[in-house]
Amino acid sequence: MTVLNKINSPGQIKGLSLESLDTLCSEIRKKIIEITLENGGHLASSLGAVELAIALHYVFDSPSDKIIWDVGHQAYAHKLLTGRYEKFDTLRKFNGISGFPHKSESIHDAFTVGHSSTSVSAGLGISAAKCLKHDKSNVIAVIGDGSMTAGMAYEALNHAGDSKKRLIVILNDNEMSISPNVGALSSFLSRKLSGKYFQELRKEFGDLLKSLPKIGDDVYKIAKRSEESFKTLITPGMIFEAFNFDYFGPIDGHNLSHLINILNNIKNINEPVLLHVSTKKGKGYKPAEANPTKFHGVAPRSPENSNKKTFPAYTKIFGKTLCDMAKENDKVTAITAAMPEGTGLSDFHKNFPERFFDVGIAEQHAVTFAAGMSTEGFIPFVAIYSTFLQRAYDQLIHDVCLDSHHVIFAIDRGGLVGEDGPTHHGCFDLSYLRSVPNLVIMAPSSGDELVSMLKTAEKMNGPAAIRYPRGESASETFISYKDAEVLEIGKSRLIYDGQDIFILAAGSMVDPAAKACHMLRKEGFSPCLVDARFVKPLDGEMIIEKAVKIKKLLVVEENALKGGFSSAVCELMADNFVENLYIKRIGIPDKFAVQGSQEELRRKYGLDENGIYWEALKIINEKK
Ligand SMILES: Cc1ncc(C[n+]2csc(CCOP(=O)(O)OP(=O)(O)O)c2C)c(N)n1
């Protein structure tokens with residue numbers, strides 16, 4: 001490194017020549033590739049935004065000017081330019097720097113992010129506040145074309161265009177979301193007719209239309225019709241101009257001098273501006289350029305000589321089971337909000353293209369769309385990460401559960417997800433779902449259980465949520481859809497009977513709890529272990545019977561302790577006047593869980609077999 005290792009703050013790049021800036025680009029790319037392939041992370045998106053990050057820091061003055069990165073997965077170059085070069089090898093690691101901008105990490109991270117499509121709203125809020133303070137500094141929101149598919153972005157554009165506040169929105173358009181971008185807007189944006197000839201033609205045509213008399217007039221009608229045929233000549237900017245934004249572009253987002261020039265030109269415009277920038281996802285790393293979806297997010301390098309046996313992931317089991325189910329039942333459909341790979345729906349997409357719906361990054365729409373579809377007798381499976389379902393909470397309550405529609409939520413990444421950290425942990429779903437009437441909530445403890453729960457949800461009537469963790473299931477094989485049993489709603493599963501302690505676990509915590517019981521049994525103790533299976537309705541009969549008999553209860557869940565599964569158990573005990581009972585709960589405390597590998601995090605929160613074992617032993621010994 002000749003340039004990058006000397007940069008401690010973004011101000012230092014301002015004096016660099018264009019040649020040095022080019023060197024800086026290469027060095028940043030090299031560093032991003034090296035560290036991301038090792039630690040895992042968002043490789044392709046960050047590679048695509050290197051020139052953009054340099055140009056922004058070259059032209060603007062962070063931290064007084066605020067740069068807000070949407071999602072934040074493209075901000076590694078920004079991190080390297082803002083004093084995190086030395087720590088960059090700790091990216092996404094336990095106690096390391098975050099994979100996303102985080103306000104507490106740097107004064108240059110203007111807004112904490114991880115979920116998409118928040119940048120324009122946050123930017124406009126900052127801009128409005130600056131206005132109140134008579135502060136003339138700039139606010140820049142950098143948003144991808146994928147993130148531009150979310151309703152929230154349009155709510156913000158709509159407000160921004162109306163408020164006429166100073167705001168620069170940079171649309172980083174690489175024609176990709178995680179998968180190829182979807183939707184009408186995406187095809188509209190790809191009409192990149194930015195040449196001078198077309199710009200002039202468009203203006204002339206617009207002026208002509210304006211000068212014509214309105215409806216009813218033949219000339220106007222003819223012109224209108226020819227407008228239809230001219231549609232291919234309409235530039236992507238028109239949609240943003242309709243929102244009162246001054247539109248510039250599209251320009252080449254890898255041409256640094258061009259980027260710097262245009263940013264210098266627009267920085268003093270006193271109203272909303274949108275700069276459309278074309279970039280290549282994965283730029284500078286051939287494998288990522290060729291397959292940006294695969295390199296959108298890469299896993300950490302596995303330790304050498306690791307011959308650990310791997311079991312099928314829950315995501316894969318879900319995808320396979322849904323395909324098998326769809327073969328038997330032509331009413332089964334699958335819906336994703338821009339996450340077909342992540343949620344395991346790629347095969348479903350291939351095999352049942354007509355029953356597969358990728359709605360873009362639009363979780364709210366996905367849920368209400370599913371509700372609509374269910375009113376016509378279909379059985380939609382909304383495959384969604386726990387953390388992103390948070391966005392569609394009102395739709396889940398108001399549009400699905402109120403009328404008890406048969407919509408099934410296949411909630412992936414429930415619990416601690418690992419290196420993505422606090423913006424992505426699925427620690428709240430059991431709490432936010434439990435209070436919603438009509439909703440049945442299941443948590444599988446193994447691949448077989450997931451298959452049975454999917455089949456149970458298909459066969460029942462009304463809304464159901466099945467929440468499972470990121471990563472591998474607990475066994476090598478899993479049962480086929482055909483052979484899976486349909487579960488009795490609200491019935492738990494007794495794994496060990498015993499009298500020293502009653503351990504009640506849900507979902508991902510059943511396997512480590514069983515291992516802890518195994519350790520206790522080896523030492524001569526007799527633990528009772530129940531797999532709750534249903535977080536709602538709870539199996540009151542079994543749980544109360546065991547609690548009354550054993551009197552020492554340990555409840556384990558990979559969810560926030562506030563309002564989650566163990567809270568439900570406490571409510572059950574209170575509502576049934578169970579007396580002389582000692583209850584201890586293990587779960588995620590009332591703090592946002594940090595980043596690290598799942599293994600490290602489960603250990604930290606006492607959610608692995610050792611944590612459960614020691615807690616159980618303490619209770620057995622203390623409460624003799
Ligand atoms: C609310 C929400 N839903 C889904 C995601 C998962 N996600 C992360 S990045 C991404 C694609 C974003 O596409 P784009 O904004 O075009 O950026 P690119 O990756 O192409 O650079 C998605 C779907 C998210 N972060 N937030």
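That block above? That's the structure.
Throughout what follows, the structure given in this document is the object of discussion.

The rules we used
Residues numbered from 1 in each chain as written. Predicted model: local features only at pLDDT ≥ 70, side-chain atom pairs only at ≥ 80, totals over all residues. Heavy atoms only, no water. Helix = DSSP H or I, 4+ residues; strand = E, 2+ residues; numbered from the N terminus. Rg over C-alpha atoms; globule rule 2.2 N^0.38 Å. Contact = heavy atoms within 4.5 Å. Areas by Shrake-Rupley, 256 points an atom, 1.4 Å probe, with all protein chains shown as cover. Lys, Arg positive; Asp, Glu negative; His and termini not counted. Charge placed at Lys NZ, Arg CZ, Asp CG, Glu CD. Axes fitted to C-alpha atoms, helices over the stretch in contact; angles between N-to-C directions. Parallel < 35°, antiparallel > 145°, perpendicular 65-115°, else oblique. Left-handed = near helix turned anticlockwise from the far one by under 90°. Nonpolar A, V, L, I, M, F, W, Y, C, P; charged D, E, K, R; others polar. Near = heavy atom within 4 Å. Polar contact = N/O pair within 3.5 Å; in protein donor to acceptor, adjacent residues only side chain to side chain. Buried < 20%, exposed > 50% of the residue type's maximum accessible area, 1.4 Å probe, protein only. 1 Å grid on protein atoms, 1.4 Å probe; cavity = no way out; pocket = protein on both sides within 12 Å on 5 of 7 lines; lining within 4 Å. Points joined across faces, edges and corners; volume = space filled by probe spheres on them. Core = buried A, V, L, I, M, F, W, Y, C linked by side-chain atoms within 4.5 Å. Pairing = 2+ DSSP bridges. Phe/Tyr/Trp six-rings, centres within 6.5 Å; stacked < 30°, edge-to-face > 60°.

The next subject is the overall build of the chain. Each helix and strand in the chain was counted, giving 24 helices and 17 strands. Computed over C-alpha atoms, the radius of gyration of the chain comes to 27 Å, within 12% of the 25 Å expected from 2.2 N^0.38 for 624 residues, which places it in the range of a compact globule. Dimensions of the chain, computed from C-alpha atoms along their principal axes, come out at roughly 85 × 65 × 50 Å. In the chain, the proportion of contacts linking residues at least 24 apart, taken out of those at least 6 apart, comes to 78%. Total accessible area computed for the chain in this model is approximately 26,100 Å², and 52% of it derives from carbon and sulfur atoms. Distance between charge centres in the chain, computed from 73 positive and 76 negative side chains, equals 3 Å.

What follows covers the packing of helix 1 (residues 18-39) against helix 3 (residues 50-59). Orientation of helix 1 relative to helix 3, taken along the N-to-C sense of each, is 130 degrees, at an axis distance of 10 Å. When the axis of helix 1 is compared with that of helix 3, the two are oblique. Between helix 1 and helix 3 lies a crossing whose hand is right-handed. Contacts from Leu-21, Leu-24, Cys-25, Ile-28, Arg-29 and Ile-32 of helix 1 reach helix 3 at Val-50, Glu-51, Ile-54 and Tyr-58. Across the contact of helix 1 with helix 3, the residue classes break down as eight nonpolar, no polar and two charged.

What surrounds the ligand is a group of 22 residues, the closest being His-73, Gly-146, Ser-147, Lys-281 and Glu-363. Taking Gly-146, its main chain carries an N or O atom lying 2.7 Å from an oxygen atom of the ligand. Taking Asn-174, its side chain carries an N or O atom lying 3.0 Å from an oxygen atom of the ligand. Calculation on the ligand without its partners gives an accessible area of 580 Å², and the protein chains cover 98% of this total. Within the shell around the ligand, the residues separate by chemical class into seven nonpolar, eleven polar and four charged.

Here Asn-291 lies in the loop between helix 12 (286-290) and helix 13 (314-328). We classify Asn-291 as partly exposed; its relative accessible area is 33%. Taking the C-alpha atoms as reference points, Asn-291 and Ser-179, 112 residues apart in sequence, are found 9.8 Å from one another.

This brings us to the layout of surface pockets. Size it by volume and the second largest pocket reaches roughly 520 Å³. As for the second largest pocket, its lining consists of 27 residues, and the residues nearest its centre are His-102, Thr-112, Gly-421, Pro-422 and Thr-423. The residue makeup of the lining of the second largest pocket, split by class, is eight nonpolar, 15 polar and four charged.

Turning to the nonpolar core, a few remarks are in order. Core analysis: the biggest nonpolar cluster contains 52 residues, and Leu-24, Ile-28, Ile-32, Ile-54, Leu-56, Ile-170 and Leu-263 have the highest contact counts within it. By size, the runner-up hydrophobic cluster in this structure holds 49 residues, among which are Phe-388, Ala-392, Leu-430 and Ala-443.

Next up on the list: the side chain of Asn-181. By the element assignment, Asn-181 lies in the loop between strand 3 (167-173) and helix 7 (184-189). A distance of 3.0 Å separates a polar side-chain atom of Asn-181 from the backbone oxygen of Asp-145. Not counting chain neighbours up to four residues away, the residues in contact with Asn-181 comprise Asp-145, Gly-146, Thr-149, Glu-175, Met-176 and Ser-186.

On to the pairing of strand 11 (residues 464-467). Residues Ala-464 and Ile-466 of strand 11 are buried on one face, and the alternating residues Ala-465 and Arg-467, pointing to the opposite face, are buried as well. Pairing of strand 9 (residues 408-412) with strand 11 involves four bridges; the strand directions are parallel. The residue of strand 11 that forms the bridge with Ala-410 is Ile-466. Across three bridges, the pairing between strand 10 (residues 440-442) and strand 11 is parallel. Each residue of the ladder has a partner; that of Ile-441, found in strand 11, is Ala-465.

Strand-to-strand pairing in sheets goes through backbone hydrogen bonds, with the strands running parallel or antiparallel. With parallel pairing, the five strands of this open sheet are ordered in space as 1-2-3-5-4. At either end of the open sheet lies a strand with only one pairing partner, and these are strand 1 (66-69) and strand 4 (246-252). On average, each strand axis in the sheet is inclined to that of its neighbour by 20 degrees, with strand direction left out of account. Here strand 1 pairs with strand 2 (residues 139-144) via four bridges, running parallel. Across the sheet, the residue bridging to Ile-68 is Ala-141, located in strand 2. Most of the contacts of helix 11 (residues 256-266) go to strand 4, to which it runs at about 170 degrees, and overall it touches strand 3, strand 4 and strand 5 (272-278).

Before going further, it helps to spend a moment on unusual backbone geometry. In the segment running from Ser-62 into Pro-63, the intervening peptide bond is cis, with an omega of 10 degrees. Structurally, Pro-63 can be placed in the loop between helix 3 and strand 1. Backbone torsion omega between Lys-536 and Pro-537 reads -5 degrees, so that peptide bond is classified as cis. In this fold, Pro-537 is placed in the loop between strand 15 (534-536) and helix 21 (540-550). Its identity as a non-glycine residue notwithstanding, Lys-164 has a phi of 60 degrees, on the positive side. If you trace the backbone, Lys-164 turns up in the loop between helix 6 (151-163) and strand 3.

To continue, consider the packing of aromatic side chains. For any pair of aromatic rings, geometry is given as the distance between the ring centres together with the angle between the planes. Summed over the entire model, instances satisfying the criterion amount to twelve aromatic pairs. When the ring of Tyr-76 is compared with that of Phe-88, the centres are 6.0 Å apart and the planes differ by 75 degrees; the resulting orientation is edge-to-face. Separated by twelve residues along the polypeptide, Tyr-76 in helix 4 (residues 76-81) and Phe-88 in the loop between helix 4 and helix 5 (119-132) bring together distant segments of the chain. When sorted by exposure, Tyr-76 lands in the same class as Phe-88, which is buried. Seen from their ring centres, Phe-428 and Phe-592 are 5.9 Å apart, and the 75 degrees between their planes marks the pair as edge-to-face.

Nothing here speaks to function; it is geometry throughout.
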